[in-house]
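# Descriptive structure summary
Below, each chain spelled out in residue letters.
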Amino acid sequence: MHCITQYVRSIYQQFVQRMAILDILEYPDPRLRTKAKPIATVTDRHRQLIDDMLETMYDAPGIGLAATQVNVHEQLIVIDVSEGRDTPLVFINPGISVLDDELRAYEEGCLSVPDYQDTVKRPAHVKVQALDRNGDPFEMQPDDLLAVCIQHEMDHLNGKLFVDYLSSLKRQRLRTKIAKRQRAG
Ligand code: K1U
Ligand code: ZN
C-alpha cells in the first residue's frame with residue numbers, strides 16, 4: 001500500500017472514526033453457505049459495516065470481501081482492485097447480467113480459503129447494477145480483475161465458493177490439506 005495512503009487512513013481512523021477488523025469465516029464453515037438477504041434501506045449500521053469490511057479487507061490483505069464472509073447475511077460487497085489500494089467500491093444488492101458467451105480463466109484466491117489458489121473460468125463481459133453506500137443506484141461494465149472479483153463476491157452472497165467450480169478430486173485434496181493443518185494446530 002502507498003505509504004501516504006496508509007498514513008492518511010490511520011490518522012482518519014484514530015481521530016475521526018473507529019473501525020474494526022472483523023473475523024473472516026473459513027471453509028468449510030457451513031455459515032459460508034447462507035444466502036444473503038437484500039437490504040431494504042441503507043442505514044448508518046450498514047455504512048459502519050462497510051467501513052469495518054473495508055478495514056478488514058485492507059488488513060487481510062484482499063481485493064474484495066462479501067458480508068457473508070464476516071457472518072453478516074445481507075447483500076453487501078466491498079472491493080478495491082486499484083494499485084494504490086485507494087479506490088474502494090461498494091455494491092449493495094448487486095445484480096448481474098452476462099453480455100456474451102466469452103469466458104476468461106483467472107487464478108483466484110479467497111480470504112475464506114487461505115493459502116489456496118486455483119483457476120476458474122467466468123464470463124468475461126458482464127453488466128452490474130447495485131446501490132452505493134448512500135442507497136443510490138448505479139450501473140457499470142467492469143473489465144478484467146474487477147469483473148472476476150465482482151462475480152467471486154456475488155457467489156459468496158449466494159453461499160457459493162470458488163472451490164465449488166473445481167473437480168471433486170481437487171476439492172478432496174483441499175479438504176485433506178485443511179484437515180492436516182487443523183490436526184497440526
Ligand atoms: O472474496 C475474497 O475472499 C477476497 C479475494 C477476492 C478475489 C481474489 C482473486 C480473484 C477473485 C477474487 C481475495 O482478495 S484473495 C487475496 C488476493 O487476491 C490479493 C491479496 C492482496 C493483493 C492482491 C491480491
Ligand atoms: Zn472469496
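Above this text is the structure in question.
Chains are numbered independently. Their residues run from 1 in the order of the written sequence. Chain letters and ligand numbers both follow the written order, the letters beginning at A and the numbers at 1. Whole-chain, interface and lining totals are the exception, using all residues; otherwise, since this is a predicted model, local features are given only for residues with pLDDT of at least 70 and side-chain atom pairs are given and counted only at 80 or more. Side-chain figures throughout are based on the complete set of non-hydrogen atoms in the structure, without hydrogens or water.

## Things to note about the coordination of the zinc ion (ligand 2)
For a metal bound by four donors in a tetrahedral arrangement, the ideal donor-metal-donor angle is 109.5 degrees, while six donors in an octahedral arrangement ideally sit at 90 or 180 degrees. Every protein donor of the zinc ion (ligand 2) is accounted for by Cys-110 (SG), His-152 (NE2) and His-156 (NE2), and the metal-donor separations fall at 2.0 to 2.3 Å. Atoms of type N, O and S within 2.8 Å of a metal are treated as its donors, and for Na, K and Ca the window is 3.2 Å; water is not considered, so some sites may appear to be missing partners. Along the chain, the residues that donate to the zinc ion (ligand 2) are spaced as C-x41-H-x3-H. Residue Cys-110 is found in the loop between β4 (103-108) and β5 (118-123), and its partner His-156 is found in helix α3 (residues 144-157); the two are separated by 46 residues along the sequence. This pair shows no difference in class: Cys-110 is buried, exactly as His-156 is. Strands are runs of DSSP state E lasting at least 2 residues, helices are runs of H or I lasting at least 4, and numbering of each runs from the N terminus. Partly exposed residues are those whose accessible area sits between 20% and 50% of the maximum for their type, while under 20% is buried and over 50% is exposed, using a 1.4 Å probe and protein chains only.

## Digging into the site of ligand 1
Around ligand 1, a shell composed of 13 residues is seen, among which Ile-63, Gly-64, Gln-69, Leu-111 and Glu-153 lie nearest. A distance of 2.7 Å separates an oxygen atom of ligand 1 from a polar atom in the backbone of Leu-111. Here ligand 1 has 540 Å² of accessible area as a free molecule, and 77% of this is covered by the chains. Ranked by residue count, the leading element in the shell around ligand 1 is α3, at 4 residues. Note on residue classes: Ala, Val, Leu, Ile, Met, Phe, Trp, Tyr, Cys and Pro are nonpolar, Asp, Glu, Lys and Arg are charged, and everything else, Gly too, is polar. Looking at the shell around ligand 1, its residues break down into 5 nonpolar, 6 polar and 2 charged. Here a residue is considered near a molecule or strand provided that any single heavy atom belonging to it is located within 4 Å of it. Think of a polar contact as two N or O atoms within 3.5 Å of one another; within protein, one of them needs to be a possible hydrogen donor and the other a possible acceptor, and neighboring residues in sequence only count if both atoms come from side chains. Here the Shrake-Rupley method, with its probe set to 1.4 Å, supplies the accessible areas, and only the displayed protein chains count as covering residues.

## Here's the deal with the side chain of Glu-108
Residue position: Glu-108 is located in strand β4. In this structure the side chain of Glu-108 is engaged in a polar contact, spanning 2.8 Å, whose partner is the side chain of His-152. Residue contacts for Glu-108: discarding those within four places in its chain leaves Tyr-116, Gln-117, Asp-118, Val-120, Arg-122, Val-148, His-152 and Phe-162. Contact between two residues is taken to exist if any of their heavy atoms lie within 4.5 Å; hydrogens are not considered.

## Quick notes on the packing of aromatic side chains
Aromatic rings considered in pairs are described by the distance between their centres and by the relative angle of their planes. Between 30 and 60 degrees the pair is tilted, below 30 it is stacked and above 60 it is edge-to-face, where a pair is any two Phe, Tyr or Trp rings, Trp via its six-membered ring, whose centres lie within 6.5 Å. Applying the stated criterion to the full structure yields 2 aromatic pairs. Considering the side-chain rings of Phe-91 and Phe-138, the 5.6 Å spacing of their centres and the 50° angle between planes classify their relative orientation as tilted. With Phe-91 in strand β3 (residues 89-98) and Phe-138 in strand β7 (residues 137-140), this pair connects stretches of sequence that are 47 residues apart. Residue class for Phe-91 comes out buried when judged on its relative accessible area of 1%. Overall, the relative accessible area of 24% leaves Phe-138 in the partly exposed class. Ring centres 6.3 Å apart and planes at 45° place the aromatic pair Tyr-116 and Phe-162 in the tilted group. Of the two residues, Tyr-116 sits in the loop between β4 and β5 while Phe-162 sits in the loop between α3 and α4 (168-184), which places them 46 residues apart along the sequence. Like Phe-162, Tyr-116 is buried. Any Lys NZ or Arg CZ found within 6 Å of a ring centre and within 35 degrees of that ring's normal is scored as a charge over the ring. Directly above the ring of Tyr-165 sits Lys-160, whose terminal nitrogen or CZ lies 4.5 Å from the centroid.

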